[in-house]
Amino acid sequence: MGQNASRYNQDELAEFQDLTYFTKREVLHVHKRFCGLSPEKAKDERNPVLSKQEILSLPELAANPFNERILDVFSQSGDGRMNFEEFLDMMSQFSSKAPLNTKIDIAFRIYDFNDDGEICEKDLEKVVLFLIQPSVTGGNLSSDDRQKVVNNVIREMDMDDDGTISYLDFKHGMSKLNGFEESFKITL
């Protein structure tokens, strides 16, 4: 870890530990991985801002069909660029130590594509397209089949029958879903 580890003093590491689900040692590991995404920037700047493309080069993130949306959600600028603190926050919330409620919050923010505080039919259509990714998986659902999936999800999760999935609807549905917590993690 050498030079990169010394960039943060013990008080800063303790603060990172207090604000995340990571130990100081794990914070340093995440920092090492962050710096490895752009060694030149990391060498020249104390807290570089990495581009979306640099962050997407992280193999653990590149494999996720929602990778760009994840970066948009966690990036304070909203365009996927991140400094170390934003990257650390993202990795902490996707860690295996993060509680179920945290993962539900993240998933809701990711699936709420139009950022209106609820998951509507158009949001769900995007979720389905991201999941089947015809260009990657070779699978394809007809427009009618995708609409059936969307309608079924809304019917199952929309507890107040308003045609959208509120945060409370989503939280209720996800808390009953076996394996959700385990599938919603990134391990560095």
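Right above here is the structure, for reference.
Residues numbered from 1 in each chain as written. Predicted model: local features only at pLDDT ≥ 70, side-chain atom pairs only at ≥ 80, totals over all residues. Heavy atoms only, no water.

Enquirer: Is there a simple way to explain the overall build of the protein in this structure?
Expert: A count of helices and strands for the protein gives 14 helices and 2 strands. In terms of its C-alpha atoms, the protein occupies a principal-axis envelope of roughly 55 × 35 × 25 Å. Burial analysis of the protein (188 residues in total) assigns 40% to the buried set. In the protein, the share of contacts with a sequence separation of at least 24, taken over all contacts with a separation of at least 6, comes to 56%. If you sum the accessible surface of the protein, you get close to 10,300 Å²; carbon and sulfur atoms cover 49% of it. (Helix = DSSP H or I, 4+ residues; strand = E, 2+ residues; numbered from the N terminus. Buried < 20%, exposed > 50% of the residue type's maximum accessible area, 1.4 Å probe, protein only. Contact = heavy atoms within 4.5 Å. Areas by Shrake-Rupley, 256 points an atom, 1.4 Å probe, with all protein chains shown as cover.)

Enquirer: Help me understand the packing of helix H2 (residues 10-19) against helix H3 (residues 24-36) in this model?
Expert: The packing of two helices is summarised by the inter-axis angle and the distance between the axes. Between H2 and H3, the least distance of the axes is 9 Å, while the angle of their chain directions is 95°. Relative to H3, the element H2 lies roughly perpendicular. Here Gln10, Leu13, Ala14, Phe16 and Gln17 of H2 come into contact with H3, specifically with Lys24, Val27 and Leu28. Classifying every residue of the contact of H2 with H3 by side-chain character gives 5 nonpolar, 2 polar and 1 charged. (Axes fitted to C-alpha atoms, helices over the stretch in contact; angles between N-to-C directions. Parallel < 35°, antiparallel > 145°, perpendicular 65-115°, else oblique. Nonpolar A, V, L, I, M, F, W, Y, C, P; charged D, E, K, R; others polar.)

Enquirer: I tried to follow the side chain of arginine 7 on my own but got confused; where do I start?
Expert: Within the fold, arginine 7 resides in the loop between helix H1 (2-5) and H2. One buried charge, arginine 7, has no salt-bridge partner; the nearest side chain with opposite charge is aspartate 44, at 7.4 Å. Polar contacts involving the side chain of arginine 7 include one to the main-chain carbonyl oxygen of glutamate 45, which spans 2.8 Å. The contacts of arginine 7, once residues within four sequence positions are left out, are Glu12, His31, Cys35, Ala42, Lys43, Glu45 and Arg46. (Lys, Arg positive; Asp, Glu negative; His and termini not counted. Salt bridge = Lys/Arg side-chain N within 4 Å of Asp/Glu carboxyl O. Polar contact = N/O pair within 3.5 Å; in protein donor to acceptor, adjacent residues only side chain to side chain.)

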